Amino acid sequence: MLILIDQDGVLADFERGFHTAWQAIGPRHGHPPLPLEERRSFHVRDDYPPHLEEAVVSVYTAPGFYRALPPVPGAVEAMAELLDLGHDVRICTSPLNQYRYCVPEKYEWVEAHLGPAFVQRMVVTKDKTLVVGDVLVDDKPDVTGACQPAWRHVLYDQPYNRHRPGARITWADWRAVLLAAGPR
Ligand SMILES: [Mg+2]
């Protein structure tokens, strides 16, 4: 199978990275970090009060934020296992419009955590529906774009996508669901 894997919220732990960063600056803004299980919106800025939007955005547009994200537990091992099983695995990721640090640091993250050879597996696009694959593993509840996607969307489980029905996995329980998703 050709398996497309989203990067943030699936491989790189954006939520934990944001939570840690906000712990440092939250007191200055009089707002503690939202517990991860209480996140309800896909965009973290939508879960904080509107007057804090600038401060929230400043966290994840700062230099070093994307590079320092911890891996989602089990993600690195799962990537190795999928390759061992003979699947063609690609990272399919949409960068921020504020791309200056995000884009190069996404590549640095992959090189650091998955190895230099994985860098050639990166597909960086603002529209994932233009990318061909059998499956897309993504934490975003609705992945839309210009085309009817060729892939089947398997959700990566996160508190903010639990309203959405359909197949979902974590790296603790991915094998049956992901491998059963099969080619179309
Ligand atoms: Mg994501």
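Residues numbered from 1 in each chain as written. Predicted model: local features only at pLDDT ≥ 70, side-chain atom pairs only at ≥ 80, totals over all residues. Heavy atoms only, no water.

## Section: the overall build of the protein
- In terms of regular secondary structure, the protein is built from five helices and six strands.
- In sequence order, the secondary structure elements of the protein are arranged as β-α-α-α-β-α-β-β-β-β-α.
- For 184 residues, the compact-globule estimate of 2.2 N^0.38 gives 16 Å, and the protein sits close to it at 16 Å.
- Structurally, the protein occupies a C-alpha span of about 50 × 35 × 35 Å along its principal axes.
- Relative to its full complement of 184 residues, the protein shows a buried share of 48%.
- For the protein, long-range pairs separated by at least 24 residues make up 62% of all intrachain contacts whose partners lie at least 6 apart in sequence.
- For the protein, the accessible surface area stands at approximately 9100 Å², while carbon and sulfur atoms represent 54% of it.
- The averaged location of the 24 negative side-chain charges in the protein is 3 Å from the averaged location of its 19 positive side-chain charges. (Helix = DSSP H or I, 4+ residues; strand = E, 2+ residues; numbered from the N terminus. Rg over C-alpha atoms; globule rule 2.2 N^0.38 Å. Buried < 20%, exposed > 50% of the residue type's maximum accessible area, 1.4 Å probe, protein only. Contact = heavy atoms within 4.5 Å. Areas by Shrake-Rupley, 256 points an atom, 1.4 Å probe, with all protein chains shown as cover. Lys, Arg positive; Asp, Glu negative; His and termini not counted. Charge placed at Lys NZ, Arg CZ, Asp CG, Glu CD.)

## With respect to the sheet that holds strand S6 (residues 168-169)
- Reading across from one edge, S3-S2-S1-S4-S5-S6 is the order of the six strands in this open sheet, with parallel pairing throughout. Where the open sheet ends on each side, the last strands, each with one partner, are strand S3 (122-124) and S6.
- Inspection of the sheet shows strand S4 (residues 135-138) paired to strand S5 (residues 152-156) by four bridges, in the parallel sense. Following the sheet pairing, Val135 is matched in S5 by Arg152. (Pairing = 2+ DSSP bridges.)

## Some words on the nonpolar core
- The biggest cluster of nonpolar side chains holds 43 residues, and the ones touching the most others in it are Ile5, Leu11, Phe18, Trp22, Met79, Val137 and Trp171.
- Listing elements by their share of this core, those giving two or more residues are strand S1 (2-5), helix H1 (14-29), helix H2 (53-60), helix H3 (75-84), strand S2 (88-93), helix H4 (99-114), S4 and S5.
- Per-element accounting of this core gives the leading share, five residues, to H2.
- In terms of domain composition, this core takes at least three residues from each of domain 1 (2-13 + 70-181) and domain 2 (14-60).
- Not counting residues within four places of it along the chain, the set of residues in contact with Trp22 comprises Pro27, His29, His31, Pro32, Pro33, Tyr48, Leu52, Ala55, Val56 and Val59. (Core = buried A, V, L, I, M, F, W, Y, C linked by side-chain atoms within 4.5 Å. Domains from an automatic or database assignment.)

## Here's the deal with the coordination of the magnesium ion
- At the metal site, the magnesium ion is ligated by Asp6 (OD), Asp8 (O) and Asp139 (OD), and these contacts range over 2.0 to 2.1 Å.
- We note that the donor set of the magnesium ion lies within a single chain, spaced as D-x1-D-x130-D. Of the two residues, Asp8 sits in the loop between S1 and H1 while Asp139 sits in the loop between S4 and S5, which places them 131 residues apart along the sequence. Taken individually, Asp8 and Asp139 each receive the classification buried, so the pair is uniform in this respect. (Donors = N, O, S within 2.8 Å, 3.2 Å for Na, K, Ca; no water.)

## A word on the packing of aromatic side chains
- With the rule as written, the count across this model stands at ten aromatic pairs.
- An angle of 75 degrees between the planes, with centres 5.4 Å apart, marks the rings of Phe14 and Phe65 as edge-to-face. Of this pair, Phe14 sits in helix H1 while Phe65 sits in the loop between H2 and H3, placing them 51 residues apart in sequence.
- You can call Phe65 buried: its relative accessible area is 8%.
- Where Phe18 meets Trp22, the ring centres are 5.8 Å apart and the plane angle is 15 degrees; that geometry is what we call stacked. You can see Phe18 and its partner Trp22 sitting in helix H1, four residues apart, about one turn around the helix.
- Looking at Phe18, the relative accessible area reads 3%, which means it is buried.
- Among the aromatic residues, ring-to-ring pairing joins Phe14, Tyr60, Phe65 and Tyr66 into one connected group. (Phe/Tyr/Trp six-rings, centres within 6.5 Å; stacked < 30°, edge-to-face > 60°.)

## What to know about the pattern of salt bridges
- Tallied over the entire structure, the rule returns 15 salt bridges.
- With a shortest N-O distance of 3.7 Å, Asp13 and Arg16 are connected by a salt bridge.
- Where Arg168 meets Asp157, a salt bridge forms, and the shortest distance between an N and an O atom there is 2.7 Å. Within this pair, whereas Arg168 is found in strand S6, its partner Asp157 is found in the loop between S5 and S6, the two being separated by eleven residues in sequence.
- You can call Arg168 partly exposed: its relative accessible area is 23%.
- On the basis of relative accessible area, Asp157 is assigned to the buried category, the value being 18%.
- Through salt bridges that share partners, Glu37, Asp157, Arg162 and Arg168 make up one connected network. (Salt bridge = Lys/Arg side-chain N within 4 Å of Asp/Glu carboxyl O.)

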